[in-house]
Amino acid sequence: MPSCKEISTILSSHQELPFYKKVQLHIHLILCSQCLKYKKQLDLITTNMKKLYEKKTAVSQAEIDKWKESYQEFLIQNGANVNHEDKK
Ligand SMILES: [Zn+2]
């Protein structure tokens, strides 16, 4: 089983994984709520960055504030803990 540190590196890299690595990753995310929260945070950031890129125009301050607000709400709801230590 890969460590939380390895999982966070894999999640951050966005690279295509061999099948057995995908299975390991999936199992780890089922068992480790901290890494699952980290994955959700990354997904949220990625989604918003894609939206920003697709617009290809300047984003209003109001829109940035809205994103910040929704991200902060997300962190509060899920317990912000991006830099968690391995529990070993
Ligand atoms: Zn983990």
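All values derive from a computational prediction rather than experimental measurement. (Residues numbered from 1 in each chain as written. Predicted model: local features only at pLDDT ≥ 70, side-chain atom pairs only at ≥ 80, totals over all residues.)

K.L.:
It is not clear to me how the overall build of the protein chain should be interpreted in this structure. Could you clarify?
P.N.:
If you tally the helices and strands in the protein chain, you get four helices and zero strands. If you list the helices and strands of the protein chain from N to C, you get α-α-α-α. When the 88 residues of the protein chain are sorted by exposure, 7% land in the buried category. Taking the contacts inside the protein chain whose residues are at least 6 apart along the sequence as the reference set, 67% of them involve residues at least 24 apart. (Helix = DSSP H or I, 4+ residues; strand = E, 2+ residues; numbered from the N terminus. Buried ≥ 20, exposed ≤ 12 C-beta atoms within 10 Å, placed from the backbone. Contact = placed C-beta atoms within 7 Å.)

K.L.:
I would appreciate a short explanation of the packing of helix 1 (residues 4-13) against helix 3 (residues 33-55) in the present structure.
P.N.:
The contact between helix 1 and helix 3 brings their axes to 10 Å, and the two run at 15°. Classified by the angle their axes make, helix 1 and helix 3 are roughly parallel. The handedness of the crossing between helix 1 and helix 3 comes out as right-handed. Together, C4, I7, S8, L11 and S12 of helix 1 and Q34, C35, Y38, K39 and L42 of helix 3 make up the contact between the two elements. Residues that form the contact of helix 1 with helix 3 fall into these classes: six nonpolar, three polar and one charged. (Axes fitted to C-alpha atoms, helices over the stretch in contact; angles between N-to-C directions. Parallel < 35°, antiparallel > 145°, perpendicular 65-115°, else oblique. Left-handed = near helix turned anticlockwise from the far one by under 90°. Nonpolar A, V, L, I, M, F, W, Y, C, P; charged D, E, K, R; others polar.)

K.L.:
Any chance you could explain helix 3 here in plain terms?
P.N.:
One turn of the α-helix equals 3.6 residues, which is why residues spaced by three or four share an orientation. For helix 3, which comprises 23 residues, the first-to-last C-alpha distance of 33 Å matches the rise-based estimate of 33 Å (1.5 Å per residue) to within 8%. Those residues of helix 3 not exposed but buried are C35, K37 and Y38. Where helix 3 is buried, its residues contact helix 1, helix 2 (19-31) and helix 4 (61-78). (Expected span 1.5 Å × (residues − 1).)

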